[in-house]
Amino acid sequence: MTEHMQQFVRIAQRAPVKRGAAERREDFSEIYREFDQPGASAQASRCSQCGIPFCQIHCPLGNNIPDWLKLSAEGRLEEAYEISAATNTFPEICGRICPQDRLCEGNCVIEKGFESVTIGAVERFITDTAFENNWVRPIRPRRERAQSIGIIGAGPGGLAAAEALRRQGYEVHVYDRHDRVGGLLIYGIPGFKLEKSIVERRRLWLEDGGIRFHLNQDIGGAVSFAEVRARHDAILIATGVYKPREIAALDKSLVGIVPALDYLTASNRKGLGDDVPAFDEGLLNAAGKRVVVIGGGDTAMDCVRTAIRQDAASVTCLYRRDRANMPGSMREVSNAIDEGVAFAWLSAPEAFFGDGHVTAVRAARMHLGLADASGRQSVEPIAGSSFTIEADLVIKALGFDPEDLPGAFGEPSLALTRWGTLKVDRRSFMTSLPGVFAAGDIVRGASLVVWAIKDGRDAAAAMHELLVQSAAALATAAE
Ligand code: FAD
Ligand code: SF4
Ligand code: SF4
């Protein structure tokens with residue numbers, strides 16, 4: 001064991017400096033500042049180099065955390081970067097937006113009594129430093145292959161697969177219906193969690209590596225799936241999940257009740273300098289409004305914190321369970337509270353009021369009942385507990401379901417699970433259509449960036465294996 005490590009008994013946990021709530025309410029910049037080198041090394045040195053590193057076991061990518069922490073503690077950042085990049089396509093992104101409290105850091109064994117190692121912040125620091133020092137080398141395949149791959153969806157799943165396949169020498173074409181690369185990294189997740197320049201830096205790196213992007217291409221819309229499929233030797237579908245879940249039996253025809261992703265996309269586009277009429281006209285803009293956000297996940301937290309930054313008159317989050325049962329990251333809930341969001345926990349909407357435009361939401365108090373087979377407690381309304389919150393803007397953030405891909409793609413035999421996600425072979429990632437693979441949220445359902453990266457990398461490896469086999473079979477047949 002090196003003398004640099006096991007410093008948790010001497011050095012206290014110190015996260016990177018978080019900007020004060022009053023300051024961060026004023027802009028969409030990230031709320032955490034970067035570590036400096038001594039700070040990152042000191043925090044990395046707190047790791048006790050566990051024989052069985054639970055942090056690594058609970059990282060979806062199986063990142064070799066103890067090794068890159070040790071190298072960081074020793075100031076050997078370029079080597080730390082090489083190890084970090086070997087298992088994660090976008091470490092600086094995961095370091096910023098993984099819910100570490102539920103993954104690596106939440107399982108760090110020094111947590112009790114000493115607080116976990118700040119793994120995510122060190123991971124981010126390593127790759128940001130690597131970019132600054134030009135250690136992030138361009139993707140340069142050792143050999144070019146004749147086969148070409150089409151990837152539908154430029155989110156983290158599609159991009160992770162694109163990188164891995166390009167590295168193997170395939171010609172890689174990525175199609176997206178949006179005008180920018182990044183999927184939810186660019187149009188869903190706000191800049192205060194992940195600045196857009198970080199995503200843009202990766203786009204440039206992928207393009208420089210020879211990956212070709214075809215933007216504004218709605219596959220299954222203006223461009224047929226059959227057309228794209230005919231152009232390539234294999235296809236990866238990484239289209240994510242976008243159909244917003246609705247609130248059953250409530251009248252939603254009033255102006256001012258909007259889906260979360262429309263609201264977040266408008267805000268992100270505005271920040272990127274786009275012309276957004278629905279924002280300028282006030283429909284998707286919280287400025288001066290009493291805002292109610294319905295939901296308790298990451299999307300709801302991003303909406304409430306966006307509304308605060310848009311200078312809403314008030315922001316209330318309605319969630320039907322309690323704080324301990326919120327699906328979103330606990331860290332983000334705390335950040336939202338610090339920034340001035342009011343939470344109405346154990347509250348569910350019952351009715352919307354208004355005359356053409358929404359004016360109020362009536363909600364009922366809930367209590368948690370018995371747990372079901374999955375361990376989740378049921379929620380039941382408390383009779384006579386209704387209360388009303390005045391609202392000019394109601395944002396629905398209840399989660400997402402998959403769109404009807406077999407219908408849109410004109411492929412009725414594209415098999416689905418009972419949740420409407422694409423059914424794939426668990427080892428090969430192949431769908432029911434030969435040569436068509438799938439990865440990310442469209443397979444898993446709404447999940448996390450780190451899981452999309454993991455699936456994209458694994459799907460790419462499986463595609464490569466099959467393509468090599470089929471090329472070998474063709475060569476044998478030709479002999
Ligand atoms: P996506 O990122 O959704 O990308 C899919 C891409 O496919 C999109 O660019 C879309 O335009 C494109 N596409 C779809 N259909 C078509 C078509 N027919 N033709 C062409 N292109 C198409 N995860 C975290 O880990 N941390 C967070 O803090 C976090 N915050 C989130 C906040 C919000 C508001 C949301 C909505 C999600 C958040 N997530 C977070 C989840 C995370 O963003 C997703 O799990 C992840 O982006 C999934 O990656 P993906 O590549 O599968 O899909
Ligand atoms: Fe932790 Fe996410 Fe990084 Fe894994 S990828 S080490 S879970 S921050
Ligand atoms: Fe280090 Fe914590 Fe991982 Fe152990 S669990 S190797 S102390 S980061």
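The shown structure was predicted, so the numbers you read here are calculated from the model rather than taken from an experiment. (Residues numbered from 1 in each chain as written. Chains lettered and ligands numbered in written order. Predicted model: local features only at pLDDT ≥ 70, side-chain atom pairs only at ≥ 80, totals over all residues. Heavy atoms only, no water.)

**Some words on the sheet that holds strand β9 (residues 342-344)**
Part 1: As summarised here, the arrangement of the 5 strands in space is β6-β14-β7-β8-β9, forming an open sheet in which the pairing is parallel. Strands at the two margins of the open sheet, each flanked by one partner only, are β6 (257-259) and β9. Between one strand axis and the next, the sheet turns by 25 degrees as a mean value, whatever way the strands run.
Part 2: Bridging between strand β7 (residues 290-294) and strand β8 (residues 314-318) involves 5 bridges; their strand directions are parallel. From the neighbouring strand, Val-291 faces β8, where its bridge partner is Val-315.
Part 3: Strand contacts of helix α13 (residues 260-271): β6 and β14 (393-396), with the helix running at about 80 degrees to β6, the strand carrying the most contacts.
Part 4: Lying on the sheet, helix α15 (residues 298-309) is in contact with β7, β8, β9 and β14; it crosses β8 at an angle near 170 degrees. (Pairing = 2+ DSSP bridges. Helix = DSSP H or I, 4+ residues; strand = E, 2+ residues; numbered from the N terminus. Axes fitted to C-alpha atoms, helices over the stretch in contact; angles between N-to-C directions. Contact = heavy atoms within 4.5 Å.)

**Some remarks on α15**
Every α-helical turn comprises 3.6 residues, leaving residues that sit three or four positions apart pointing alike.
Part 1: End to end, α15 covers 17 Å across 12 residues, agreeing with the expected 16 Å (1.5 Å per residue, within 8%).
Part 2: Taken residue by residue, α15 has Ala-300, Met-301, Asp-302, Cys-303, Val-304, Arg-305, Thr-306, Ala-307, Ile-308 and Arg-309 as its buried positions.
Part 3: Where α15 ends, the next residue or the one after it, Asp-311, has phi of about 70 degrees, a positive value. (Expected span 1.5 Å × (residues − 1). Buried < 20%, exposed > 50% of the residue type's maximum accessible area, 1.4 Å probe, protein only.)

**Looking at the packing of α15 against helix α16 (residues 330-339)**
Part 1: Taken N-terminus to C-terminus, the directions of α15 and α16 make an angle of 25 degrees; their axes are 10 Å apart at the nearest point. Comparing their axes, α16 and α15 come out roughly parallel. Crossing hand, α15 versus α16: left-handed. In this structure, α15 uses Met-301, Val-304, Arg-305, Ile-308 and Arg-309 to contact α16, whose residues at the interface are Glu-332, Val-333, Asn-335, Ala-336 and Glu-339.
Part 2: Considered class by class, the residues forming the contact of α15 with α16 number 5 nonpolar, 1 polar and 4 charged. (Parallel < 35°, antiparallel > 145°, perpendicular 65-115°, else oblique. Left-handed = near helix turned anticlockwise from the far one by under 90°. Nonpolar A, V, L, I, M, F, W, Y, C, P; charged D, E, K, R; others polar.)

**Focus: the side chain of Ser-84**
Part 1: Structurally, the position occupied by Ser-84 is in helix α5 (residues 77-87).
Part 2: Residue Ser-84 is classed as buried on the basis of its relative accessible area of 0%.
Part 3: With near-sequence residues (within four places) excluded, Ser-84 lies in contact with Trp-68, Pro-91, Glu-123 and Thr-127.

**Concerning the site of ligand 3**
Part 1: Near ligand 3 the following residues occur: Cys-47, Ser-48, Cys-50, Pro-53, Cys-55, Pro-66, Leu-69, Cys-108, Val-109, Val-117 and Ile-119.
Part 2: Here the residues of the shell around ligand 3 sort into 10 nonpolar, 1 polar and no charged. (Near = heavy atom within 4 Å.)

**With respect to the domain arrangement of the protein chain**
Part 1: Here the domain parsing of the protein chain yields domain 1 (7-132), domain 2 (148-241 + 402-478) and domain 3 (247-398).
Part 2: Centre-to-centre separation of domain 2 and domain 3, based on C-alpha positions: 32 Å.
Part 3: Taken together, the 14 residues of domain 2 in the interface contact 13 residues of domain 3.
Part 4: With both sides pooled, the region where domain 2 packs onto domain 3 buries about 1100 Å², and carbon together with sulfur makes up 55% of that total.
Part 5: Area buried by domain 2 at its contact with domain 3 is led by Tyr-187, Phe-192 and Lys-193, which between them contribute 50% of it.
Part 6: At the junction of domain 2 and domain 3, the tally comes to 3 salt bridges.
Part 7: Across the pair Asp-302 and Lys-193 runs a salt bridge, and its minimum N-O distance is 3.0 Å. (Domains from an automatic or database assignment. Buried area = accessible area lost by both parts, 1.4 Å probe. Salt bridge = Lys/Arg side-chain N within 4 Å of Asp/Glu carboxyl O.)

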